[in-house]
Every structure is written in C-alpha cells, then in structure tokens.
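Take a look at the letters that make up each chain.
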Amino acid sequence: MSGVGGTALLSLQMRLAEAVDYPIARRPWTLCLALLLCATPFLQAQASTPAEKDEITDPAGFSSSKTTRIADEDATTAVAEPSITSDAKSPGLTVERSDPSQSSNNSFFQDVVRHPPKTTKDKFHWRPALVQATSMTLFAHAWRAAWDPSLRYDLAHKPFFHDWFASYPGYDMSRWNDGDDFVVNDVGHPLGGAALGRTYLQNDDASWVQISKTREYWRSRLKAFAWMAAWSTQFEVGPLSETDFGNQGGWTYVNGCGTALACLKHPEHGPPTNNTGWTDFIMTPLVGLLWILGEDTADGYIVTPVARHHPILGRGILGTALEPSRSFASMFAGHAPWHLPNPENNFTYNPRPRPLRPEGPNRAPLKHYELGAGYTNISVPVVKSECGVCRQNNSGFGSSFTFNFTRNIGLDNSVSLLPAHGGSRGMVEGLFGLRLGERFEHWGIFGKVRPGFIYYQEAMPGLGGDQSTSLTRFAWDFGGIVEIYPNRRSSLRFDVGTTIVRYLSDYPDPRMSQLGDLRSNQYYVNQGNFQIATSYTYRF
C-alpha cells in the first residue's frame, strides 16, 4: 500500500514539475511576460510622487490621483501653454514635485505636469515648424544616400544642377505606380508623411486637443493634412526632393534588374520605370492622415490610461511603439522619443533638469560673431609650362567669418587668395559651411564640413580639351579646427583637413542608362588635397 502511495506521490510531483517546466523552460517568452508584469508595480513606485492615492475619474474617463485633480482645478484660470519648442514655463502651471529624499530613486520621468487649458488666442509657431520639417527632410535624404549606391554615385560623379533640371521633362503622370513596392509606397512614405504632419501639430496651439468628434480636433488634423500634402509634394519635385537628389524622372530602369537593354527580356521584373507616378503624391498625405488618426486613438485609449499609473510602461514603451510618427517628430523638436509632448491629452512628463554649469572666463557671454585673417596653404594640381599639369603647394592669405548659433554649432566661412607661384596662375578659394565641437575655458576643438569652390585662372577643362582656360570647380572641405583663447575677445585658430575638388574627366559617364537617360554624360572624379591654415580671430 505504501509503495502504491509513494508511486502516486512521485507521479504527482513529476506532473507538477512538467507543468512548470513547459511554459517557462520551453517557452522563454512566458517567463519574460511574467517578469514584466511582476516588475510593473516597482516601475510605478520609482516614477510616482508621494501624492494621495484617492482615485477619481476625469471627464475623459481616465483615472487620475487626487493631487492631479487639484492641479487641474487650479489651472482653469491659467494662461495659454506655449509651444513645446519653448523652454519657458506657463504661469499657473502646477507641478507635482518629487520628495527630495527620494530623488535618487526617480527615473527619467521625474515630474508629472498637468497643463492648463487654452484661454488666449491660438498661435502657430512657424519658425520651429519649418526647422523641424526641413531637418526631417534632410535626414530622409541622408538615409536614402546611406542605402542607395546609385544616389551616392550621382552625387559624386554627375553634374548636380544640370541633371536636376533635366529630370523634370521625364515625369510620366499618366500612371499610378512609380515602380516601388508596397512597403515603400504604402507604408514608408505615409509614415514619413505622418511624421511631417506631427511637426505641424506639435507647433500649433489649436491642435492640442484630444481625439474626439469636435470641430477643433478635425480642423487641426485637416490643417496637418494640407501641411503633409505640401511637404510630400516638395519631397517629390521641390528644391529638397528626389528629383535633385537621385534624379527621378531623368533616367529609366527596370526595378530589380538595372539599366541594361537585356532587362527588357525579363518581364518578371515588371515594366521599365523612371520612379514617377501619382502614388507618392496621393498616398503620402492621405494614408499619413489615417496613420495620425490611428495613433491618436491608440494614445487616447491605450497609452495614456496606462501611463497615468505606469509611466515607463505606458509612455516610455507603449507610447514609443504605438506612436512612431509622434516619437520621430518629438526627436526633431529636441525631445527624447519617450518624452512625448502629448498635448492632446493634456498630460506630460518632464525630465529632471540638468544642473547649470559654472560660469568661466570664456563662458559668459557667448560671442556670436568672429572675424579673422591669416595664412593658408593647399596642395593642388596646377598648370605649369615645364610639366603640364603637376601638383604643388600654393600659399596665400585669407579672411574668415563665423556666426556661432550656440557654443557648439557655428556657421563657418572663409575666402582665400592664392597668388601666382612657381609658374602657375593664381586661384581663389571660397568655403561656406558648418562647424561642430566643444568649447572649454581656454581652448576649443571642432569638426568642419564646408562646401564651396575653387576658381582657377588657368586649368585644363576636361572632356578631351587640350587648351587651358579659366574655370570654377566645386569643392568640399573636411577637417578639424583647434582654437586657443588668450582672452574673451580674441582667439588663435589652426585648421587642418582635406579639400576634395571635383574634376571633369576626359571620358563620358560609363553608367548611362541604356533604356533612356536625360542626364548629362559628363563624369567627374574627386581628388583630395591637403590644406592647412592659421589665423587670428576677433570675437564680438
């Protein structure tokens, strides 16, 4: 009898062990989910403030604490809230402050801010909206260049302005599809359009309303739709478009095959295309608006209710995952993706403010303007009677002008005169771009990227020409800058880097499309030229 009981007990233990082993050991995601659910109360304890826990229900149907309710009641007489791009705080803004003794346990969601309702005239903030939308467009082109070798080839070896304007006559608007697949046309472009629409919404005071049937909500979303339509059209045919960066419309290819005539014998790849059609003009703003409406719905009924009790899980994880266009636009407004401005629900988390850096001899105040003069030397190929085209070091003098937006970012320009030397004719170099770096008390270090030109009084024209002539060539200056600050008004500057000059070759472009090409057949090569400079700069 005892043997039977022991066998039964052993069998029961084995079944219990099996029941635990199957969902956990054989299904790791179950263990992860269990740990996440168990950790949720601890996440709430870290980010919450010592407010009263008497729960109430607000008019939107979301649960909030008694302290939050008092903040809302106090804010009813407050003035309008500024744009998220402003660092100023609104009068009447009520903040739940964390207990200083518990500040070490707080996460990056430190303060819960309940914003006051609008009581003044709504305003659209044009400057930050345009800056954010333009920055987002430039980022999109940088992303394209990183993944598209044909785009990088065109930028490096083709005449930019000629091919840009030569591409417009090739637009074929008698068709819908432009040759791209479903993911690009109907997912990627609309998501980018929704992010552009968010740059409008986060800078328009009138758009700060929760999803609803109200006229204010739908009016703001239709304005965002018009904003998306304008910027998506610009992205196709404007000055920062796929027409000038990539020359869509200017050359024909078969998607998935290439530009050879043999591609016409493979119908499985589809018909030839030049990447033009109606789809991007229509689908980007239209589906982008539907994307925004879907994110607003998820934010109002999923993200915000969770975020009120579990900030990191709701706003940090769900908000970032379910609202990608808002997260993306938030970064271009100077916020982290999880610090969503979320004005539609009148509910925001502010990160802990950084301590102020101590003032130093070089830190107060920042001198925005810098004017300098100095010496420059560059090694370039030049035309000489004794050797034809040969390389030599040319020295000269020049001036520089810098406008500092901040202590780290500045608009940096220089013009240098390189007189005739060693049998060669004179040259003029102009470089205009940006520098980015860090200033310390007595010195600073920066990186620079400056496009510009070099004018030659005598040079070989390329394309088989054997007679030298005066001409201008495009140049890029890449390098570093070191500055020494003897006092607040002056600095000693030292530049070193490579100036890349585009030279027109003697042979045509070997990669012209055999299926049809409106672009120039000119082919440019890029050659690096070592350059150094030193100057004295007056700061004011």
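Computed from a prediction, not measured in an experiment: that's the story for all the values here.

**Topic: the state of the cysteines**
Taken as a whole and judged by the stated rule, the model has 1 disulfide. The disulfide bridge from C257 ends at C263, spanning 2.1 Å between sulfur atoms. Judged by the sign of its S-S torsion, about -85 degrees, the cystine formed by C257 and C263 is left-handed.

**A closer look at the pairing of strand β10 (residues 443-459)**
By the bridge criterion, 11 bridges tie strand β9 (residues 427-439) to β10 in an arrangement that is antiparallel. Residue pairing across strands places R435 opposite K448, the latter belonging to β10. Where β9 hands over to β10, the hairpin turn is made up of 3 residues, counted between the paired strands. When β10 meets strand β11 (residues 469-484), the two strands line up antiparallel, connected through 15 bridges. Note that in β11 the partner of Y456 across the bridge is L471.

**Considering empty space enclosed by the protein**
Going through the model one piece at a time under the given rule, you end up with 6 cavities of 30 Å³ or more. Reported here for the largest cavity is a volume of approximately 220 Å³. Taken together, 24 residues line the largest cavity, and the ones lying closest to its centre are T376, S414, S416, D495 and A533. Every element with two or more residues in the lining of the largest cavity is listed here: β6 (369-384), β7 (388-404), β8 (409-418), β10, β12 (490-504) and β13 (524-539). Grouping the constituent residues of the lining of the largest cavity by class yields 7 nonpolar, 12 polar and 5 charged.

**Remarks on the layout of surface pockets**
Sizing a probe to match a water molecule and rolling it over the atoms shows the empty space that remains. Of the voids in this model, the largest pocket is the one considered here, and its volume is about 1400 Å³. Lining the largest pocket are 49 residues, and of these R144, D180, V184, H189 and E242 sit closest to its centre. Those elements that place two or more of their residues in the lining of the largest pocket are α4 (126-147), α5 (149-157), α7 (182-201), α8 (215-237), α9 (279-307) and α11 (324-332). Looking at the lining of the largest pocket residue by residue, the classes come out as 18 nonpolar, 20 polar and 11 charged.

**Quick look at the environment of G465**
Note that G465 resides in the loop between β10 and β11. We classify G465 as partly exposed; its relative accessible area is 32%.

**Points about α7**
Taking 1.5 Å per residue, 20 residues should reach 28 Å; α7 reaches 27 Å between its end C-alpha atoms and fits that length. Within α7, the axis deviates most sharply at G188, by approximately 25 degrees, and proline P190 lies no more than four positions further along. Inspection of α7 places N185, H189, P190, G193, A194, A195, L196, G197, R198, T199, Y200 and L201 among the buried residues, and these make up the whole buried set. In this structure, the buried side of α7 is in contact with α4, α8, α9 and α11.

**Topic: the side chain of T137**
Mapped onto the fold, T137 is located in helix α4. The buried category is assigned to T137, whose relative accessible area is 4%.

**Looking at the packing of α4 against α7**
Packed helices, taken two at a time, are described by their axes: the angle between them and the distance between them. Running from amino to carboxyl end, α4 crosses α7 at an angle of 165 degrees, the nearest separation of the two axes being 8 Å. Accordingly, the angle class assigned to the pair α4 and α7 is roughly antiparallel. Crossing angle aside, the handedness with which α4 passes α7 is right-handed. Between α4, through A129, Q132, A133, M136 and T137, and α7, the contact on the second element is made entirely by A195, L196 and T199.

**Focus on the confidence of the model for the chain**
Of all residues in the chain, 73% have pLDDT values of 70 or greater, and the mean over the chain is 78. Note that residues 16-120 has pLDDT below 50 and, in this model, 158 contacts with residues that lie over four places away or in other chains. Taken as a whole, residues 342-351 scores under 50 in pLDDT and shows 54 contacts with residues more than four places along the chain or in a different chain.

**A closer look at the environment of F124**
When you line up the elements, F124 lands in the loop between β4 (111-114) and α4. Among the residues examined, F124 registers a relative accessible area of 15% and is labelled buried. It is 9.3 Å that separates the C-alpha atoms of F124 and Q202, two residues lying 78 residues apart in sequence. Leave out the neighbours within four places in its chain, and F124 touches A129, Y200, N203, D204 and W227.

**As for the nonpolar core**
Counting 18 residues, the largest nonpolar core has Y200 and W227 as its most contacted members. Mapped onto this core, the elements with two or more residues apiece are α4, α7, α8 and α9. When sequence neighbours within four positions are dropped, the list of residues in contact with Y200 reads F124, S220, K223, A224 and W227.

**Here we look at the pattern of salt bridges**
All told, the structure shown has 20 salt bridges when counted by the stated rule. Note that R493 and D495 form a salt bridge whose closest N and O atoms lie 2.8 Å from each other. Note on R493: relative accessible area 3%, which makes it buried. A network of salt bridges, in which partner residues are shared, links R198, R221, E295, D296, E323 and R326.

**Points about the packing of α8 against α9**
Two elements in contact, α8 and α9, have axes whose closest approach is 9 Å; the angle formed by their N-to-C orientations is 145 degrees. The handedness of the crossing between α8 and α9 is right-handed. On the side of α8, the interface is formed by Y217, W218, R221, F225, M228, A229, S232, T233, E236 and V237, while α9 contributes D280, F281, T284, P285, L286, G288, L289, I292, L293 and D296. Grouping the constituent residues of the contact of α8 with α9 by class yields 12 nonpolar, 4 polar and 4 charged.

**Details of the packing of aromatic side chains**
For the structure on display, the rule yields 31 aromatic pairs. Taking 6.0 Å as the distance between ring centres and 65 degrees as the angle between the ring planes, the aromatic pair formed by W278 and F281 counts as edge-to-face. Taking relative accessible area as the criterion, W278 reaches 39% and is therefore assigned partly exposed. Both rings, one in W476 and one in F478, keep their centres 5.8 Å apart while their planes meet at 20 degrees; by these two values the pair is stacked. Owing to a relative accessible area of 35%, F478 belongs among the partly exposed residues under this scheme. What links up through ring pairs into an aromatic cluster is the set F160, F161, W164, F165, Y168, Y171 and F245. When the ring centre of Y456 is taken as origin, the NZ or CZ atom of R473, which lies over that ring, is 5.4 Å away. Across the ring face of Y524, the terminal group of R502 is positioned such that the distance to the ring centre comes to 4.6 Å.

Cut-off values and rules
- Residues numbered from 1 in each chain as written.
- Predicted model: local features only at pLDDT ≥ 70, side-chain atom pairs only at ≥ 80, totals over all residues.
- Heavy atoms only, no water.
- Disulfide = S-S within 2.5 Å.
- Pairing = 2+ DSSP bridges.
- Helix = DSSP H or I, 4+ residues; strand = E, 2+ residues; numbered from the N terminus.
- 1 Å grid on protein atoms, 1.4 Å probe; cavity = no way out; pocket = protein on both sides within 12 Å on 5 of 7 lines; lining within 4 Å.
- Points joined across faces, edges and corners; volume = space filled by probe spheres on them.
- Nonpolar A, V, L, I, M, F, W, Y, C, P; charged D, E, K, R; others polar.
- Buried < 20%, exposed > 50% of the residue type's maximum accessible area, 1.4 Å probe, protein only.
- Expected span 1.5 Å × (residues − 1).
- Bend = angle between axes of the 7 residues up to and from the residue.
- Contact = heavy atoms within 4.5 Å.
- Axes fitted to C-alpha atoms, helices over the stretch in contact; angles between N-to-C directions.
- Parallel < 35°, antiparallel > 145°, perpendicular 65-115°, else oblique.
- Left-handed = near helix turned anticlockwise from the far one by under 90°.
- pLDDT = per-residue confidence, 0-100.
- Core = buried A, V, L, I, M, F, W, Y, C linked by side-chain atoms within 4.5 Å.
- Salt bridge = Lys/Arg side-chain N within 4 Å of Asp/Glu carboxyl O.
- Phe/Tyr/Trp six-rings, centres within 6.5 Å; stacked < 30°, edge-to-face > 60°.
- Lys NZ or Arg CZ within 6 Å of the ring centre and 35° of its normal.

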